[in-house]
Amino acid sequence: MLRSQLTHNQHLHNKKKPSSPWPPSAVSKTVGGFSTTATTKGSSIDGIKDIVAVASGKGGVGKSTTAVNLAVALAKTCQLKVGLLDADIYGPSIPTMMKLHEKPDVSKEMKMIPMENYGVKCMSIGFLVEKDAPIVWRGPMVMSALEKLTRGVAWGNLDVLLVDMPPGTGDVQLTISQRLKLSGALIVSTPQDIALIDARRGANMFLKVEVPVLGLIENMSFFKCPSCGLNSYIFGHGGARHTSEEMDLRFLGEVPLEIDIRSGSDEGNPIVVSAPNSASAKAYTNMAEKVMLRLAELAEERLLGPQILL
């Protein structure tokens with residue numbers, strides 16, 4: 001179904017595309033059945049077609065776990081070239097979740113070579129400091145570190161770079177949104193009202209700086225009892241879906257509260273790898289496909305935009 005929609009979108013694009021494409025640097029190809037169109041309106045890092053922020057207004061809602069499983073699903077199932085940037089300077093968790101604990105090498109061009117596991121290229125401040133060392137830095141040092149973790153890295157050619165954002169809507173989030181020219185943002189929240197308040201703030205921040213919100217993801221939607229099989233809605237029911245409807249945003253799916261997700265994160269073994277046929281892994285894969293479909297739609301909209309002659 002998804003691939004047929006993408007094929008239909010590409011067919012419409014081929015019919016409507018002018019003889020001299022706009023913008024002129026637009027490049028399109030299909031990888032793993034997904035259109036990976038890139039234009040100069042997208043990423044500001046050479047070789048990277050799309051940069052997507054995975055964000056939340058509040059910490060503790062499973063944002064990093066979501067980012068990791070989406071990245072691995074995009075690499076393994078969608079067969080894309082994927083990168084994962086840990087932009088949470090004060091609380092880096094990608095090294096643990098991706099089971100990467102070595103320090104990165106440096107290329108001849110004096111750029112850091114990203115660490116790789118599960119087909120995903122990763123970069124984190126956690127690779128550069130001791131495991132339990134606190135990051136006691138003021139704003140300018142954080143901004144400098146983020147600049148080195150983005151443009152100071154030899155990412156190579158990527159179809160998509162996911163950015164695991166720090167929680168909140170402050171200076172770091174604004175700087176990343178504007179400097180990296182994000183293709184879109186994903187908002188992660190639990191169904192709980194107190195988490196959704198901050199999720200709305202996060203979504204509105206991206207909309208204010210003209211970054212498309214690709215959709216809302218509801219994490220910890222329910223707990224399924226392993227004994228009786230009944231669902232318990234610990235944090236409420238349907239909150240993120242209702243919020244997405246209120247804000248006219250897409251609802252990308254829900255992920256249950258599951259022991260295997262937690263243990264896989266702690267052990268550096270994402271559930272999309274350890275249990276690919278589980279309901280949770282399928283939910284992550286389905287959301288990853290929806291993200292790529294939405295990015296393809298946005299790329300097509302840019303290509304079919306008005307041509308401005310001066």
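Residues numbered from 1 in each chain as written. Predicted model: local features only at pLDDT ≥ 70, side-chain atom pairs only at ≥ 80, totals over all residues. Heavy atoms only, no water.

Honestly, the overall build of the protein chain in this entry has me stumped. Any pointers?
What the protein chain contains, in helices and strands, is ten helices and eleven strands. Residues counted as buried form 52% of the 310 residues belonging to the protein chain. In the protein chain, once contacts between residues fewer than 6 apart in sequence are set aside, the share between residues at least 24 apart is 76%. Of the roughly 14,900 Å² that the protein chain leaves accessible, carbon and sulfur atoms contribute 53%. (Helix = DSSP H or I, 4+ residues; strand = E, 2+ residues; numbered from the N terminus. Buried < 20%, exposed > 50% of the residue type's maximum accessible area, 1.4 Å probe, protein only. Contact = heavy atoms within 4.5 Å. Areas by Shrake-Rupley, 256 points an atom, 1.4 Å probe, with all protein chains shown as cover.)

How should the environment of A203 be read in this particular structure?
Its location among the elements puts A203 in helix α6 (residues 193-208). Separated by twelve residues in sequence, A203 and G215 have C-alpha atoms that sit 9.0 Å apart. With near-sequence residues (within four places) excluded, A203 lies in contact with I187, V213, M247 and L249.

Can you walk me through the pairing of strand β4 (residues 82-86) in this structure?
Along a regular strand, successive side chains alternate from one face of the sheet to the other. Among the five residues of β4, five are classified as buried, and the element is accordingly described as predominantly covered. On β4, burial covers both faces: V82, L84 and D86 on one face and G83 and L85 on the other are all buried. Note: β4 against strand β7 (residues 158-164), five bridges, orientation parallel. Note that in β7 the partner of G83 across the bridge is L161. (Pairing = 2+ DSSP bridges.)

Is there a simple way to explain the pairing of strand β11 (residues 251-257) in this structure?
Judged by how many residues are buried, β11 sits mostly within the fold: five of seven residues are covered. Inspection of the sheet shows strand β9 (residues 213-224) paired to β11 by five bridges, in the parallel sense. Looking at the pairing, E218 lines up with E254 of β11.

Explain the pattern of salt bridges here, please?
It is possible for side chains bearing opposite charge to pair when their charged atoms get close. This model, assessed by the stated rule, comprises ten salt bridges. Across the pair R151 and E147 runs a salt bridge, and its minimum N-O distance is 3.5 Å. By relative accessible area, R151 is classed as partly exposed at 29%. Note on E147: relative accessible area 31%, which makes it partly exposed. Its salt-bridge partner being E147, residue R179 comes within 3.6 Å of it at the nearest N-O pair. (Salt bridge = Lys/Arg side-chain N within 4 Å of Asp/Glu carboxyl O.)

Help me understand helix α10 (residues 279-303) in this model?
The α-helix winds at 3.6 residues per turn, so residues separated by three or four positions along the chain end up facing the same way. Between its first and last C-alpha atoms α10 spans 36 Å; for 25 residues at 1.5 Å apiece the expected length is 36 Å, and the two agree. Among the 25 residues that make up α10, 20 are buried, leaving the element largely enclosed by the rest of the structure. (Expected span 1.5 Å × (residues − 1).)

Whenever I open this one, the packing of helix α2 (residues 63-76) against α10 confuses me. Can you help?
The axes of two packed helices give the description: the angle between them and the distance between them. The contact between α2 and α10 brings their axes to 9 Å, and the two run at 75 degrees. By the angle between their directions, the pair α2 and α10 is classed as roughly perpendicular. Only Y284, T285, M287, A288 and M292 of α10 make contact with α2, whose side of the interface consists of T65, T66, N69, L70, A73 and L74. For the contact of α2 with α10, a count of residues per class yields seven nonpolar, four polar and no charged. (Axes fitted to C-alpha atoms, helices over the stretch in contact; angles between N-to-C directions. Parallel < 35°, antiparallel > 145°, perpendicular 65-115°, else oblique. Nonpolar A, V, L, I, M, F, W, Y, C, P; charged D, E, K, R; others polar.)

Would you take a moment to explain the side chain of S56 for this structure?
Structurally, S56 is set in the loop between β3 (48-55) and α2. Residue S56 is classed as buried on the basis of its relative accessible area of 2%. Excluding its chain neighbours within four sequence positions, the residues that come into contact with S56 are V61, K63, P166, P167, G168 and V188.

In this structure, what is going on with unusual backbone geometry? I would like to understand it.
What is expected of a backbone is that most residues other than glycine have negative phi and most peptide bonds are trans. Despite not being glycine, K181 shows a phi value in the positive range, around 50 degrees. When its relative accessible area of 44% is taken as the criterion, K181 is described as partly exposed. Even without being glycine, E210 reaches a positive phi, approximately 60 degrees.

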